[in-house]
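Fold and geometry: a report
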Amino acid sequence: MVDQLLLGFQLFFQWNVLLGMIFGVVTGIVIGALPGMTVVMAVSLALPFTFSMEPVVAISFLLGIYKAGVYGGSMSAILIGTPGTPGAAATVMDGYALTRKGLGKKALDMALYASVIADLLSDIITILAAVQIAHLALMIGPVEFFAIIIFSLTIIAAVSGKSLIKGLISGGLGLLLATVGMDSLYGVTRFTFGNINLTGGLNMVPVLIGLFAIPEIIQQLKGKKLHPEKTTILDTDVVVSTQENKITWKEFTGIFPTIFRGAIIGSIIGIIPGVGASPAAFLTYSRSKKVSKHPEEYGNGSLEGVAAAEAGNNGVCGPTLIPLLTLGIPGDKTTAVLLGAFVIQGLTPGPLLFVKHIDIIYGIFIAMIVINFIVFGIGKMALKWAALISNVPREVMFPIVFILCVFGCYASNNMLFDVWLMLIIGGMGYFMLMFGLPLAPFVIAFILSPLFEDGMRRSLIMSQGDLTVFLTQPIALTFLLLTLFSIIFILRGKKKELALSKEE
Amino acid sequence: MDKEIKSDIVLTFVLLFFSVVILFIIIPSQINEPGYIKSTYLSPAFVPRVFTIFIGFMALLLFFRSITRLKKSSSKKEMQPAGIETLTAEGRRGHRIAVLIWVSCCFFILAVELFGILIPSILFLGALMVFFGQKKWLLVLSIMILVPLLLYLFLHDIANVQFPKGILFS
C-alpha cells in the first residue's frame, strides 16, 4: 500500500497537475459566481480540453472546476442576492442580509472558511471510508429515497419565517410548479399547454434566478426612484469598520460545530445519487437553526446561517464521487460528465479501478485535498475585490445584474424561452413577496418535488400499490419517524412562539 | 381593517380560485391519464392533484386564521397608525414603478428576439442606468458597452453559446 501511495504522490507532484488545478479553480470560481452558469456547464465545457492531458492532470483540473464552482456560487448569492449555482440558494437568505448591513466581507469570509473546511472534512471521509460508504449507498432504494425526501421537506418549516401557513403555501406552489413537463413514468405531458419548450419541465436555473434576482432588482430600482438619497444597497448609513468586517477567533471557533454538521449532512446526502447540493445546504441550514442559540438571527443576517448553508453544499463534493469511483455510478450530472472524463482517459470507474489503477486513485485523492487549499488561497485574493461590489451605486449595479441574469439564463440552455420564464417567475416572486409568501420554501419544494414523486411512484410500483411498504423497510421507517418527530417539534416550537408573542 | 389581514384574505381568495381552476379545469384538460393505469397513486395526475388540494387546504387555514385575527383586532378597536395614508400612496407609486420595470424588461426580451442580444442589451443597460439616476455619462457609456460585449465574447467564443441573432438579422 505504501508503494502505491508513493506512486500516487509521484503522479501528483508534477507542475502540470498544480497548474491544472489552479486553472480549474479560477475557472470554477468565475463560472460559479456568474448567475445562470452552472458547475455542470463549466465541467462539460472544460471536458474537451482534457483529451490530451494525462489522467491525473485531467481529473484534477475538472475537480478544481467542480469544487471551486460549488463555492463560487456563494459570492453572487452574498453580494447581489442571486445564487450563482442552485446549491447557493440557501446562502442568499443570510449572506445578502449581511451585505445589506455592510458586513459583506465578513459573510464572504465565512462562506469561504465554511466551504473549504467542510469540503476538506468530507474529502477525508471519502478517502477513509469510500468503499464502506458505497455499500451503504447501495442499501438506499426507492422506498428509503422517498422517506429521505419526505424528511427533507420538513426544512420548509425552518425557512417559513413568521407564518408557517404561508411557508407551506409557498412550498405547495413550488411542489406543483415542478410537476410541469413530461411525467417520468408514462411519458404523459402535464401542464404544457401544447408548448414544446415546457415538455422537458421547467429549467431550474431560470426559476432560481427569476425567484431571487428579479424581485430584488425590481425592489432596488423601485427604491432608488422612491428614495434617491439612498445610493447603495446598504440598509444603514453607519460605516462598518474594517475590524468589524473581520471574523474574530471567537466567532470562528463558535461556528465550527455548524461546519462539522454541514460536512456530515453533506457527506450523507452526497452519497445518495440524484439528491445534490441544494437539499444538503437547506437541510444543514434547518438543523443548525434548530440547535442554534440564536435562531431568531437566521434569515436576518446570521453568520452561522451562511456557514451552515455553505458547509452543507460543499460537504457534498467529495462523497458525490464515492458511487462514481467505487461502483461506476454517477450520482448527478456533474459526476456523469466526470465519468465521461475517466472513460476518455481509458479508465473505467468501479471496483476494478481500485485494483488496476490504485496509484491514479491515490493521485486523485491527494488532488482533492490540495484543491481545497488552492480554493482558499484564490478565494481569499478574490474576496478583497469582490466585497467592494456593495459600494456600487444601485442604479449601476442592478441593471448590470439584470443583464448578467439574461445572458446567464440564456446560456444555461441556449433558449430565449428560459429568459421569458425567468421574467415570469420573477413577476410571480414579486407578487409572492407582496403577499408575504416566503421564497425559500418554494425553492426547496421545487427542487425536491421531482425526487418526491419519482421515489413515491417507483416504491409503489415495486410494492404493487401497497402503501405499507414505507413502514416495513427499517431505513425508511427511521426517516419517517424522524419526520414525525420533526413535525411535532416544529408545532411545539410554533406554539411556544405564539404564547410568547401573546405575553408581549 | 389591518393591512396584513386584508392582504391575507385577498391571497386566500386568489389561491382558492387558483386551486379550483387547476383541479377542475386544467388538470382534466392538460393531463391525459392512460386508461391502463389501475392504481390511483400511479396516475400522472395524482401528485398534481394532491399538491393542488394541499394549496387549497392551506388557503382555507389562512382564511380562518385571518378571520380570527380580524375578530380580535376589531374587539381591541386598534387605531390605524399615523401616516398610513402616505405609506399607501408611496406603496401604490412603488407598485406602478415595479410594473413599469417588469413591462420594460418584457419589451427588452422582445427586442432581443427581433434584433439579437447584443445591441438591445447595450441600449437597455444604458437606458436603465440613466432612468434610475446615474448622471456620469462616461461611466454609463463605458459600462453599457463593456458589460454586454465582454459577456457576449466570453460566452460566445469560450463557452460556445449560440446567441439569438434576431429575426430581422437572421
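Definitions and limits used
- Residues numbered from 1 in each chain as written.
- Chains lettered and ligands numbered in written order.
- Predicted model: local features only at pLDDT ≥ 70, side-chain atom pairs only at ≥ 80, totals over all residues.
- Heavy atoms only, no water.
- Helix = DSSP H or I, 4+ residues; strand = E, 2+ residues; numbered from the N terminus.
- Rg over C-alpha atoms; globule rule 2.2 N^0.38 Å.
- Buried < 20%, exposed > 50% of the residue type's maximum accessible area, 1.4 Å probe, protein only.
- Contact = heavy atoms within 4.5 Å.
- Areas by Shrake-Rupley, 256 points an atom, 1.4 Å probe, with all protein chains shown as cover.
- Lys, Arg positive; Asp, Glu negative; His and termini not counted.
- Charge placed at Lys NZ, Arg CZ, Asp CG, Glu CD.
- Buried area = accessible area lost by both parts, 1.4 Å probe.
- Salt bridge = Lys/Arg side-chain N within 4 Å of Asp/Glu carboxyl O.
- Polar contact = N/O pair within 3.5 Å; in protein donor to acceptor, adjacent residues only side chain to side chain.
- Nonpolar A, V, L, I, M, F, W, Y, C, P; charged D, E, K, R; others polar.
- Patch = residues over 30% accessible without salt bridge, like charges linked within 9 Å, V, L, I, M, F, W, Y side chains within 5 Å.
- Axes fitted to C-alpha atoms, helices over the stretch in contact; angles between N-to-C directions.
- Left-handed = near helix turned anticlockwise from the far one by under 90°.
- Core = buried A, V, L, I, M, F, W, Y, C linked by side-chain atoms within 4.5 Å.
- Phe/Tyr/Trp six-rings, centres within 6.5 Å; stacked < 30°, edge-to-face > 60°.
- Lys NZ or Arg CZ within 6 Å of the ring centre and 35° of its normal.
- Expected span 1.5 Å × (residues − 1).
- Disulfide = S-S within 2.5 Å.

Right, let's talk about the overall build of chain A for a bit. For chain A, the count of helices and strands is 22 helices and 2 strands. At 22 Å, chain A has a C-alpha radius of gyration in line with the 23 Å of a compact globule built from 504 residues. A principal-axis box enclosing the C-alpha atoms of chain A has dimensions of 65 × 60 × 50 Å. For chain A, buried positions account for 62% of its 504 residues. Taking contacts inside chain A between residues at least 6 apart in sequence as the whole, the part at least 24 apart equals 78%. In the structure as shown, chain A presents an accessible area of about 19200 Å², 70% of it carried by carbon and sulfur atoms. Both charge centroids of chain A, one from 31 positive and one from 28 negative side chains, sit 6 Å from each other.

Right, let's get into the overall build of chain B. Scanning chain B from terminus to terminus reveals 5 helices and 0 strands. Listing the helices and strands of chain B from first to last along the sequence gives α-α-α-α-α. What you see for chain B is a C-alpha radius of gyration of 25 Å, clearly larger than the 15 Å of a compact globule of 170 residues, by over 25%. Each principal axis of the C-alpha distribution contributes one length, and for chain B these read about 65 × 60 × 25 Å. With 170 residues in all, chain B has 39% of them scored as buried. Residue pairs in contact within chain B that sit at least 24 positions apart in sequence constitute 58% of those at least 6 positions apart. With an accessible surface of roughly 10400 Å², chain B has 72% of that area assigned to carbon and sulfur atoms. Between the averaged position of the 16 positive side-chain charges in chain B and that of its 9 negative side-chain charges there is a distance of 4 Å.

Where the parts come together, the accessible area they lose is often given as the size of the interface. Each partner contributes to the interface: chain B provides 71 residues, whereas chain A provides 63 residues. Both faces considered, chain B and chain A share a buried interface measuring about 6000 Å² in area, 80% of it formed by carbon and sulfur atoms. The largest share of the area that chain B buries against chain A comes from B:Leu42, B:Phe51 and B:Phe132, three residues that together contribute 11% of it. Here chain B is connected to chain A by 1 salt bridge. The residue A:Lys166 makes a salt bridge to B:Asp8 at a minimum N-O spacing of 2.7 Å. If you look at where chain B meets chain A, you find 12 residue pairs in polar contact (both at pLDDT 80 or more). The leading source of residues in the side of chain B that touches chain A is helix H3 (residues 84-115) of chain B, at 15 residues. Its residues assigned to classes, the side of chain B that touches chain A shows 53 nonpolar, 11 polar and 7 charged.

Residue and element names in this part refer to chain A. With respect to the helices and strands, Glu144 occurs in helix H7 (residues 142-153). For the pair Glu144 and Thr85, spaced 59 residues apart in sequence, the C-alpha separation works out to 27 Å. In contact with Glu144, not counting residues within four places along its chain, are Met139, Gln473, Ile475 and Ala476.

Turning next to a nonpolar patch on the surface. Residues and elements named next belong to chain A. Taken together, the side chains of Leu471, Leu477, Leu481, Leu484, Phe485 and Ile488 present a nonpolar region at the surface, about 560 Å² in accessible area. By residue number, the principal contributor to the nonpolar patch is helix H22 (residues 474-503), which donates 5 residues. Among the secondary structure elements, Leu481 is positioned in helix H22. Judged by its relative accessible area of 40%, Leu481 falls in the partly exposed class.

All names here are of chain B. On the secondary structure map, Phe169 appears in the segment after helix H5 (137-158). Under the relative-accessibility criterion, Phe169 is labelled exposed at 54%. Measuring from C-alpha to C-alpha, the distance between Phe169 and Ile109 comes to 16 Å, with 60 residues separating the pair along the chain. Once residues within four sequence positions are removed from consideration, Phe169 is found in contact with Leu114 and Phe115.

The next subject is the packing of helix H12 (residues 277-291) of chain A against helix H13 (residues 303-315) of chain A. A pair of packed helices can be characterised by two numbers: the angle between their axes and the separation between those axes. Residues and elements named next belong to chain A. Relative to each other, H12 and H13 sit at 145 degrees, their axes nearing to 7 Å. Seen along the crossing, H12 lies across H13 with a hand that is right-handed. Contacts from Ala277, Ala280, Ala281, Thr284, Tyr285 and Ser288 of H12 reach H13 at Glu304, Gly305, Ala308, Ala309, Gly312 and Asn313.

Moving on: the nonpolar core. Side chains of a nonpolar character, in soluble globular proteins, are inclined to be buried together. Judged by nonpolar contacts, the single largest core of 217 residues is most densely connected at A:Leu63, A:Phe282, A:Phe402 and A:Met422. If we skip the residues at most four places from it in the chain, A:Phe402 touches A:Ile214, A:Ile217, A:Met422, A:Leu423, B:Cys105, B:Phe108 and B:Phe124.

This paragraph deals with unusual backbone geometry. Residues and elements named next belong to chain A. At Phe191, a position not held by glycine, the phi torsion is positive, near 50 degrees. Its place among the elements puts Phe191 in the loop between strand E2 (189-190) and helix H10 (204-226). Overall, the relative accessible area of 7% leaves Phe191 in the buried class. Positive phi is not limited to glycine here, since Phe193 has a value of about 50 degrees. Inspection of the secondary structure assignment puts Phe193 in the loop between E2 and H10.

Evaluated as defined, the whole model comprises 22 aromatic pairs over all chains. Seen in terms of ring centroids, A:Tyr113 and A:Phe376 are 5.8 Å apart; in terms of plane orientation they differ by 25 degrees. Their pairing is stacked. With A:Tyr113 in helix H6 (residues 104-138) and A:Phe376 in helix H17 (residues 358-386), this residue pair connects regions lying 263 residues apart in the sequence. The partly exposed category is assigned to A:Phe376, whose relative accessible area is 31%. Grouping aromatic residues by their ring pairs yields a cluster made of A:Tyr113, A:Trp249, A:Phe252 and A:Phe376. Positioned over the ring face of B:Phe131 is A:Lys225, at 4.1 Å from the centre of the ring.

All names here are of chain A. The tally for this structure, following the rule as stated, stands at 16 salt bridges over all chains. For Asp123, the salt bridge is made with Lys67, and the minimal N-O distance between the two is 2.6 Å. One end of the pair, Asp123, is in helix H6; the other, Lys67, is in helix H4 (residues 55-80), with 56 residues separating them in the sequence. Take Asp123 and Lys67: they sit in the same class, and that class is buried. For Lys224, the salt bridge goes to Glu395, with nearest N and O atoms at 3.6 Å.

Helix length check: helix H9 (residues 164-177) of chain A (14 residues) gives 20 Å between terminal C-alpha atoms against 20 Å at 1.5 Å per residue, within 8%. Along H9(A), 12 of the 14 residues are buried, which leaves the element largely enclosed by surrounding structure.

This part takes up the side chain of A:Asp418. Within the element layout of this structure, A:Asp418 appears in helix H19 (residues 416-434). Separated by 3.4 Å, the side chains of A:Asp418 and A:Asn413 make a polar contact.

All names here are of chain A. Structurally, the position occupied by Ala367 is in helix H17. Separated by 47 residues in the primary sequence, Ala367 and Thr320 place their C-alpha atoms 16 Å from one another. Excluding anything up to four places from it in sequence, Ala367 contacts Phe12, Met21 and Ser60.

On inspection of all chains with the given rule, the structure shows 0 disulfides over all chains. Looking at the unpaired A:Cys409, the closest cysteine sulfur is the one in A:Cys405, lying at 6.9 Å.

On to a positive patch on the surface. A grouping of A:Lys225, B:Lys6, B:Arg92, B:Arg93 and B:Arg96 is seen on the molecular surface, where their side chains present a positively charged patch. In terms of residue count, H3(B) provides more of the positive patch than any other element does, 3 residues in total. You can see A:Lys225 is positioned in helix H10.

Read these as layout, nothing more, since geometry by itself doesn't imply function.
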